[in-house]
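This is what each chain is made of:
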Amino acid sequence: MKILTFTTLFPNAAKPHHGIFTETTLRHQLATKEIQAKVVAPVPWFPFTHRMFSQYGTMARAPEVETRIGVEVFHPRYAVVPKMGMRITPFSLAYAAKARIGRLLDEGYDFDVIDAHYFYPDGVAAIMLGRYFSKPVVISALGTDINLIPRYPVSRRMIRWAGAHSAGMIAVCEALRTEMIGLGMDGERITTLRNGVDLELFQPIDRDAMRKTLGLDGFVLLSVGHLDPRKGHELVISALPALPDVHLLIVGTGPDLKKLQKLSRIVGVADRVSFLGAMPQAQLRNYYAAADALVLASSREGWANVLLEAMACGTPVVASNVWGTPEVVQTPAAGVLMPSRTAEGVAAGVRQLRANYPDRAATRAYAERFSWAATTYGQISVFRQAAQQAAPSGIALSW
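Residues numbered from 1 in each chain as written. Predicted model: local features only at pLDDT ≥ 70, side-chain atom pairs only at ≥ 80, totals over all residues. Heavy atoms only, no water.

> If you had to explain the overall build of the chain to someone new, which residues and values would you point to?
Across its full length, the chain carries 16 helices and 16 strands. For the chain, whose C-alpha radius of gyration is 21 Å, the value lies close to the compact-globule estimate of 21 Å for 399 residues. The principal-axis extents of the C-alpha atoms in the chain amount to approximately 60 × 45 × 40 Å. Considering the chain as a whole, with its 399 residues, one finds that 56% of them fall into the buried category. As displayed, the chain has an accessible area near 16700 Å², and 53% of this comes from carbon and sulfur atoms. Where the 42 positive side-chain charges of the chain centre and where its 33 negative ones centre are 6 Å apart. (Helix = DSSP H or I, 4+ residues; strand = E, 2+ residues; numbered from the N terminus. Rg over C-alpha atoms; globule rule 2.2 N^0.38 Å. Buried < 20%, exposed > 50% of the residue type's maximum accessible area, 1.4 Å probe, protein only. Areas by Shrake-Rupley, 256 points an atom, 1.4 Å probe, with all protein chains shown as cover. Lys, Arg positive; Asp, Glu negative; His and termini not counted. Charge placed at Lys NZ, Arg CZ, Asp CG, Glu CD.)

Right, dumping it as structure tokens:
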């Protein structure tokens with residue numbers, strides 16, 4: 001069957017780490033040889049490409065068309081209006097993508113289903129497009145699109161509208177599915193399919209040799225994620241004074257870099273914190289394998305891929321007890337859940353892990369339970385069921 005992947009969360013040549021999990025999902029789907037795919041991944045329109053304009057300037061450098069993992073990827077530009085973006089972005093996305101999708105159909109790519117990732121604004125726009133082109137849409141809920149954005153009344157109504165008009169929905173953890181049902185969505189049409197982990201890329205390596213190569217010594221924590229308040233890097237930094245022999249490596253970029261660097265100086269641990277920036281997954285694997293623990297202090301997560309990536313490298317985790325994370329960290333071999341999402345909770349979690357540190361082979365064995373195979377075939381099954389439904393019609397947006 002033919003699918004059209006639609007999402008703003010997809011890597012591009014200018015920002016190769018953006019939405020890497022969506023590309024990984026598609027790569028495993030393609031490996032089954034049961035589907036063909038093209039990707040429409042809109043990026044914000046911006047008139048300047050200079051680096052001084054931060055993420056908008058970076059995204060402006062994305063090519064109109066590129067090939068990734070053997071698939072054509074299109075990046076139409078959509079308008080972002082300051083202060084009104086939350087309300088109008090679904091319409092802007094749909095308008096920007098309509099011409100590109102129409103050309104794909106005219107050129108003979110008559111796809112069977114739209115595979116949309118992230119409920120708002122992407123999923124809402126995908127439903128608009130599906131109704132316009134009479135194509136069924138499957139929407140995947142990933143995290144903040146369900147556990148945060150519905151706090152805004154207009155967005156909540158649009159999310160519920162999209163769910164009601166979808167041909168199927170996927171949640172990456174049971175906690176999100178429960179929340180979707182609480183929003184009024186039909187639980188019978190929501191399938192929970194957790195993300196898998198690439199066990200070939202993320203695997204144990206010669207740890208002593210890698211630590212020597214990276215210049216690591218002592219007990220090393222690794223914190224991976226966008227540098228913003230939701231990821232809780234500041235809590236990990238603030239926990240270090242209570243962990244005097246611990247070093248912290250932070251991988252990621254984002255608006256809070258200077259703030260976090262300043263915090264590390266204020267609490268007196270700047271000499272024990274290293275900011276490594278963004279890095280490709282093959283390089284990140286080396287840090288996973290060399291660290292003693294991954295620490296994830298997020299306030300909200302659907303299914304945090306970094307947890308299983310670290311475990312697959314034999315490294316246990318210390319994680320906040322939020323949303324789908326308890327579904328990932330289920331045994332001592334996986335790691336521990338923090339007693340509270342505070343600096344004190346981070347420190348307590350690290351001490352608990354060190355007091356009963358798991359065998360790294362057991363941690364790897366635990367991660368092996370989460371291969372991509374079952375999830376991928378589950379996704380394709382949802383696509384096939386959606387494709388058999390009557391084609392939607394009508395472009396009216398009435399919620």
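After that view of the structure, there is still more to cover.
> With reference to specific residues and values, describe the nonpolar core.
The biggest cluster of nonpolar side chains holds 81 residues, and the ones touching the most others in it are Phe119, Tyr288, Leu307 and Met311. Examining the composition of this core, we find that nine residues originate from one element, helix 4 (residues 119-133), more than from any other. Not counting the four nearest positions on each side in its chain, Met311 is found in contact with Val317, Val328, Val329, Ala334, Thr363, Arg364, Tyr366 and Ala367. If you look at the next biggest cluster of nonpolar residues, it comprises 26 residues, including Phe219, Leu248, Val295 and Leu353. (Core = buried A, V, L, I, M, F, W, Y, C linked by side-chain atoms within 4.5 Å. Contact = heavy atoms within 4.5 Å.)

> Residues and numbers for unusual backbone geometry, please.
Each neighbour pair has its own omega, and for Tyr120 with Pro121 the value is 10°, a cis peptide bond. For Pro121, the position within the fold is in helix 4. A positive phi angle is found at Trp323, which is not glycine, with a value near 45°. Its place among the elements puts Trp323 in the loop between strand 15 (317-319) and helix 13 (325-328). Overall, the relative accessible area of 26% leaves Trp323 in the partly exposed class.

> Just give me the short version of helix 14 (residues 343-355), but keep the residues and values in it.
In this model helix 14 runs 18 Å from its N-terminal to its C-terminal C-alpha over 13 residues, within 8% of the 18 Å that 1.5 Å per residue would give. All buried positions along helix 14 are accounted for by Ala343, Gly345, Val346, Ala347, Gly349, Val350 and Leu353. Contacts from the buried residues of helix 14 go to strand 11 (219-224), helix 9 (233-239), strand 14 (293-296), strand 15 and strand 16 (335-337). (Expected span 1.5 Å × (residues − 1).)

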